[in-house]
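Take a look at the letters that make up each chain.
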Amino acid sequence: MTKKSIYFGTFLLTALAFGSCASDDTATDKTAGKDTPKTGTVFSSEDEPSTRTSATYTGSGLDFYWTANDKIWVKDDNNTYHQSSEDDIASRIAAVPGSTTTAKAKFWVNGAYTGSTHKVRYTGKNGASDKVTIKASQTQSIPNDAAHIAEDGDFGVADATGSGKYTFTLNHKAAYVTFMPYTAQDVIAGAKLQKIRIYTDNTSDQLAGTFDVDDAGTLSNATSTSNSVELDVRGGDWEGGFVIPKSYFPNYTTNAATIVVKPGTYSNINVEYTLRDPVNYVMGTITKSYTNVTFEAGKNTPIRMNLKVKEYPGNDYYMWDAYDNYWAGFEWNNPIQSKRTQPVLAGRQNTTDAPPSWNTWISSHTPRDFNDVMGYTDVTGSSPAVTPQATAIGSPNVNEWLWYLKKGDPHYDRTTLWASMGHLYSGGMWILKKSKIPNFSSNHAPDETTDYTRTTTTVSYNSQDEGKTIPQGKPSNLSNYFYLPCFGQYWAGKLDNIGTMCGYWSSTVVPDDTYRTYGVMLYNNSVALKNY
């Protein structure tokens, strides 16, 4: 490799009862101020927050509302369930300009109803009388507007009481999780939240699926189950998503997102947030795991998550063994605004302020230029190894890099988010720590014979030449590995391959050469030791 190439916060998991906003106003025969003739028996919802089916978060719980096309099922005198044939939801909504919901509603249901009590079920929009489907893929387009739960799995039961006309208060039996992520980092606050996924490690868990439901709201006989539920908040726009407020106490009206799940206790829960940088279009995830979590029927669990990523300085790019970084004096975050000429996005180039030797084979010997020390020349191998003098000190030598590449079980991770120079990136390599690699040695290569720091023989390596496949994703025993972000490289003042290639120096110069040194280039499908 040529010497001038350069290479979460507090979580609240507390089941809260729905926010209360009860009133003494009970539904009457009047709808929006005038009588509306309907057929069937009238079943009126009480003005209770648990009665309604759309929801908004109040800061302490969910308030529910009826929305257009909501239906109920009522058991008649013959124990047969009938779906409501008409309702006054649309007229109530129309009576309040700008509204899309109503706090209470009346339903007309066919059938014979002479008892003092009749069973009521709500199984979501387009639901059956005895089936509930909690969807594994849910969608919410507007912050703090959970109208989607009516289509994505909300359900409830009630006892309607009365004579001739009946009233009921719906008891919701699904469980709800409201997410309100926030951040203290500018780079996260500038991104968009696009998806939230909640999942368990046990594939037999039933967060979603189709279930039988009884009069008590108990679910059974599950089919098409999933241990994962994903909420898409992009609003149908691939560039869309919710904002991520830079505040410890986020304003829930700007980003509250609610998921419906099956009630139950789960040994572990993982919450995965998908973020997107609006400038470089990079997407990645931040995941938080919790143990022994219970989602109670009819209750909302609010989760406030501080989204954080590792931020790496953009000042760690160097020509080999240079004393100063490649953009010293022109850093992207230089205190003098006019000096911030370092390219920070892939494909951008600045040759004017690049180190003087960016386009020559000879070092200009400024603090930013490469060290042109002669490589090893002793054919007997008895002389000490050539060592760096500045920033290459402490880098793995060529022997060590061969151990890492050949025996270090490299895994390419394309989802873990990190940040540099004000933008989000993903892409990096997990490699076993040297303490976890049997027989690892700094003094010889994995052939356990050759010391490439003290030989005039050059070496190179590419995993593809051996037919090796690079595993994708994080290793299972993560503590045994270290992570290398794919910082890319600056070549002739141009930022290339950031987020896709990991380029790192060794501390070893190529034998009998003043211009070349060993370094590694790590990609999603190969790892290589270069000697040019």
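In the block above lies the structure referred to throughout.
Residues numbered from 1 in each chain as written. Predicted model: local features only at pLDDT ≥ 70, side-chain atom pairs only at ≥ 80, totals over all residues. Heavy atoms only, no water.

### As for the overall build of the chain
For step 1, the next point in the chain: Across its full length, the chain holds five helices and 34 strands.
For step 2, the next point in the chain: Going through the 532 residues of the chain one by one, you find that 53% of them count as buried. (Helix = DSSP H or I, 4+ residues; strand = E, 2+ residues; numbered from the N terminus. Buried < 20%, exposed > 50% of the residue type's maximum accessible area, 1.4 Å probe, protein only.)

### Brief notes about the sheet that holds strand S34 (residues 527-530)
For step 1, the next point in the chain: The strand order across the open sheet formed by four strands is S28-S34-S33-S32, and the pairing between neighbours is antiparallel. In the strand order of this sheet, the two ends are held by strand S28 (461-462) and strand S32 (502-509), each with one partner.
For step 2, the next point in the chain: Here S32 runs beside strand S33 (residues 517-522); their pairing, made up of five bridges, is antiparallel. Across the sheet, residue Gly503 finds its bridge partner in S33, namely Met521. (Pairing = 2+ DSSP bridges.)

### Some points on the sheet that holds strand S24 (residues 300-303)
For step 1, the next point in the chain: Sheet architecture is open: three strands sit in the order S21-S16-S24, paired in mixed fashion. With partners counted over all chains shown, the strands left at the sheet margins are strand S21 (257-261) and S24, one partner each. Each strand axis lies, on average, 20 degrees off the axis of its neighbour in the sheet, ignoring direction.
For step 2, the next point in the chain: Two elements, strand S16 (residues 175-179) and S24, share four bridges in a ladder whose sense is parallel. Across the sheet, residue Tyr176 finds its bridge partner in S24, namely Asn300. (Axes fitted to C-alpha atoms, helices over the stretch in contact; angles between N-to-C directions.)

### A closer look at the nonpolar core
For step 1, the next point in the chain: One finds Tyr273, Leu275 and Leu529 to be the most contacted residues of the largest nonpolar core, which totals 97 residues.
For step 2, the next point in the chain: Ile89, Tyr113, Ala160 and Phe168 belong to the second-largest nonpolar core, a separate cluster that totals 18 residues. (Core = buried A, V, L, I, M, F, W, Y, C linked by side-chain atoms within 4.5 Å.)

### With respect to the side chain of Asn397
For step 1, the next point in the chain: Its place among the elements puts Asn397 in the loop between strand S25 (310-312) and helix H5 (398-407).
For step 2, the next point in the chain: With relative accessibility at 12%, the residue Asn397 sits in the buried group.
For step 3, the next point in the chain: In terms of polar contacts, Asn397 uses its side chain to reach the backbone amide nitrogen of Asn399, at 2.9 Å.
For step 4, the next point in the chain: Filtering out sequence-adjacent residues up to four positions away, Asn397 remains in contact with Ser442, Thr453, Ser506, Ser507 and Thr508. (Polar contact = N/O pair within 3.5 Å; in protein donor to acceptor, adjacent residues only side chain to side chain. Contact = heavy atoms within 4.5 Å.)

### Observations regarding empty space enclosed by the protein
Regions of empty space are outlined by a rolling probe, equal in size to a water molecule, passed over the atoms.
For step 1, the next point in the chain: Taken as a whole, the largest cavity encloses approximately 40 Å³ of empty space.
For step 2, the next point in the chain: The wall of the largest cavity is formed by Tyr376, Val386, Tyr452, Thr453, Thr455, Thr508, Val509 and Pro511. (1 Å grid on protein atoms, 1.4 Å probe; cavity = no way out; pocket = protein on both sides within 12 Å on 5 of 7 lines; lining within 4 Å. Points joined across faces, edges and corners; volume = space filled by probe spheres on them.)

### A closer look at H5
For step 1, the next point in the chain: Of all ten residues making up H5, eight are buried, and the element is well covered by its neighbours.
For step 2, the next point in the chain: Those residues of H5 hidden inside the fold are in contact with strand S27 (423-432), S28, strand S29 (481-485), S32, S33 and S34.
For step 3, the next point in the chain: Measuring from the backbone nitrogen of Asn399 back to the side-chain oxygen at the start of H5 gives 2.9 Å, which picks out Asn397 as the cap.

### Regarding the pairing of S16
For step 1, the next point in the chain: Burial analysis of S16 places five of its five residues in the buried class, which makes it a mostly covered element.
For step 2, the next point in the chain: What you see with S16 is no split at all: Ala175, Val177 and Phe179 on one side and Tyr176 and Thr178 on the other are buried throughout.

### Details of unusual backbone geometry
For step 1, the next point in the chain: A positive phi is found at Tyr281, a non-glycine position, where the angle reads about 65 degrees.
For step 2, the next point in the chain: Here Tyr281 is to be found in the loop between strand S22 (264-276) and strand S23 (283-295).
For step 3, the next point in the chain: For Tyr281, a relative accessible area of 46% corresponds to the partly exposed category.
For step 4, the next point in the chain: With phi around 65 degrees, Asn439 is a residue other than glycine that occupies positive phi space.

### Some thoughts on the packing of aromatic side chains
For step 1, the next point in the chain: Following the criterion strictly, the structure yields 26 aromatic pairs and no others.
For step 2, the next point in the chain: Between Tyr326 and Trp327 the ring centres are 5.2 Å apart and the planes differ by 65 degrees, which places this aromatic pair in the edge-to-face class.
For step 3, the next point in the chain: The class for Trp327 is buried, based on a relative accessible area of 0%.
For step 4, the next point in the chain: Aromatic pair Trp418 and Phe487: ring centres 5.3 Å apart, planes at 85 degrees, arrangement edge-to-face. Of the two residues, Trp418 is situated in strand S26 (residues 411-420) and Phe487 in the loop between S29 and strand S30 (489-491); the sequence distance between them amounts to 69 residues.
For step 5, the next point in the chain: Judged by its relative accessible area of 1%, Trp418 falls in the buried class.
For step 6, the next point in the chain: Through successive ring pairs, a cluster of aromatic residues spans Tyr312, Tyr317, Tyr326, Trp327, Trp418, Tyr425, Phe487, Tyr490 and Tyr504.
For step 7, the next point in the chain: Looking at Arg197, its charged tip hangs above the ring of Tyr199, at a distance of 3.9 Å from the centre.
For step 8, the next point in the chain: It is Lys310 that lies over the ring of Tyr312; its NZ or CZ is 5.7 Å from the centre. (Phe/Tyr/Trp six-rings, centres within 6.5 Å; stacked < 30°, edge-to-face > 60°. Lys NZ or Arg CZ within 6 Å of the ring centre and 35° of its normal.)

### Focus on the state of the cysteines
For step 1, the next point in the chain: Applying the stated criterion across every chain, the model contains one disulfide.
For step 2, the next point in the chain: The residue that forms a disulfide with Cys486 is Cys502, at a sulfur-sulfur distance of 2.2 Å. As the torsion about the S-S bond is roughly -65 degrees, the Cys486-Cys502 disulfide counts as left-handed. A residue pair is termed long-range when its members are at least 10 positions apart, and Cys486 in the loop between S29 and S30 and Cys502 in strand S32 qualify at 16 residues. Taken individually, Cys486 and Cys502 each receive the classification buried, so the pair is uniform in this respect. (Disulfide = S-S within 2.5 Å.)

### Structural notes on the pattern of salt bridges
Should their charged atoms come close, side chains of opposite charge can pair.
For step 1, the next point in the chain: Within the structure shown, the criterion is met by 13 salt bridges.
For step 2, the next point in the chain: Two residues, Glu296 and Lys299, come together in a salt bridge whose shortest N-O distance is 3.7 Å.
For step 3, the next point in the chain: By relative accessible area, which is 36% here, Glu296 ends up partly exposed.
For step 4, the next point in the chain: Taking the shortest distance from any N to any O, the salt bridge between Arg516 and Asp513 comes out at 2.8 Å.
For step 5, the next point in the chain: Three or more residues joined by partner-sharing salt bridges are found here, namely Lys75, Arg121 and Asp215. (Salt bridge = Lys/Arg side-chain N within 4 Å of Asp/Glu carboxyl O.)

### Observations concerning the environment of Gln342
For step 1, the next point in the chain: With respect to the helices, strands and loops of the structure, Gln342 is situated in the loop between S25 and H5.
For step 2, the next point in the chain: Note on Gln342: relative accessible area 4%, which makes it buried.
For step 3, the next point in the chain: On a C-alpha basis, the gap between Gln342 and Tyr326 in space is 9.2 Å, while along the polypeptide they are 16 residues apart.
For step 4, the next point in the chain: Among residues more than four places away in sequence, those in contact with Gln342 are Gly314, Asn315, Tyr317, Trp327, Phe330, Glu331, Trp332, Met421 and Tyr490.

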